[in-house]
Amino acid sequence: MTGRPPVTDLATWQKARDELLLREKAHTREGDAIAAERRRLPMVEFDGTVEVVGADGPVPFVELFQGRDELVVYKHMWWDGAPHQGQCEGCTHIPWHFDDAAYLNARGVSFAMLTTGAWDEVAAFVEFMGYRQPWYSVRGVDEPVGGEMGYLTSYLRDGDRTFLTYSTTGRGTERVNGSLGLLDMTVHGRGEAWERHPEGWPEARQAGWFWRTDSDGNSSWGEDSRPVPQWTRPGATPVTTLGRQGHCH
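In this text the structure is predicted, and so the values were computed from the model without any measurement.

J.: Help me understand the overall build of the protein, please; the structure alone is not making it clear to me.
T.: From N to C terminus, the protein includes five helices and ten strands. Counting only C-alpha atoms, the protein reaches 60 × 50 × 30 Å along its principal axes. Taken across its 249 residues, the protein has 36% of its residues classed as buried. Across the protein, contacts joining residues at least 24 apart in sequence account for 57% of those joining residues at least 6 apart.

Quick look at the structure:
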């Protein structure tokens, strides 16, 4: 039987599991130590009165805190003029896995989505996807509110003063994506080429190979594909183009 771990008895499995647990606990403790250093990073003050555009029109950025002291945002990449299926499949991972900030709110932290898309396009996309978190357009707004997208960023408020405290991109954004964490617990993992796979495992593919599918559910990054969650949305139909022009920003 290929593509499977060896079969053993429960006692042998438990011994191997306990050995791996020692490494897992060391990994957790190192993560705690890194988080402690993250909290000690210096911060950058910026003008919190800069305006962003949301469902109620232009508002000062400081209002995104909703009266709380802390704010976490995800900066969603955007393809200008592209239809829903053409929007960023990687960034779709983040809002789809985080639908309710109640636990953050209870800890005094607000959450919002930012993007460089024009608000009329963004509003239609948010409605189609059924997202519940507040979204805002930061088109034309400089860092640290606007700037490059694809980041998780945290801010602190002290009265009317606002500060940038932390930002991460790439795999640093995975902490929001529960599906990846669960896949890492499975035998075949994410099925991505960068992972270590024993000989005989299913052939690995490029990172994110399962993020887009065609209307039949087959992995596809072609013109007939959508980001996976879109196929669950009311009115989603087969497509023939991604409608992308220029660059994602």
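J.: Whenever I open this one, the environment of Q87 confuses me. Can you help?
T.: By secondary structure assignment, the location of Q87 is in the loop between β4 (70-76) and α2 (89-96). Residues Q87 and G181 lie 94 residues apart in sequence; the distance between their C-alpha atoms is 24 Å.

J.: I would appreciate a short explanation of the nonpolar core in the present structure.
T.: Most often, soluble globular proteins have nonpolar side chains that are buried together. With 17 residues, the main nonpolar core has Y74, F125, Y131 and W135 as its most contacted residues. Elements that contribute at least two residues to this core include exactly α2, β5 (109-115) and α4 (119-129). When residues in this core are grouped by element, the largest group, five residues, is from α4. Once you skip the residues sitting within four places of it in the chain, Y131 turns out to touch T92, P95, W96, F125 and V126.

J.: It is not clear to me how unusual backbone geometry should be interpreted in this structure. Could you clarify?
T.: Cis geometry is adopted by the peptide bond preceding P144, which originates at E143 and carries an omega value of 5°. If you trace the backbone, P144 turns up in the loop between β6 (135-137) and β7 (151-158). The phi dihedral of Q66 falls on the positive side, at around 55°, and the residue is not glycine. Its place among the elements puts Q66 in the loop between β3 (57-60) and β4.

Procedures and definitions
- Residues numbered from 1 in each chain as written.
- Predicted model: local features only at pLDDT ≥ 70, side-chain atom pairs only at ≥ 80, totals over all residues.
- Heavy atoms only, no water.
- Helix = DSSP H or I, 4+ residues; strand = E, 2+ residues; numbered from the N terminus.
- Buried < 20%, exposed > 50% of the residue type's maximum accessible area, 1.4 Å probe, protein only.
- Contact = heavy atoms within 4.5 Å.
- Core = buried A, V, L, I, M, F, W, Y, C linked by side-chain atoms within 4.5 Å.

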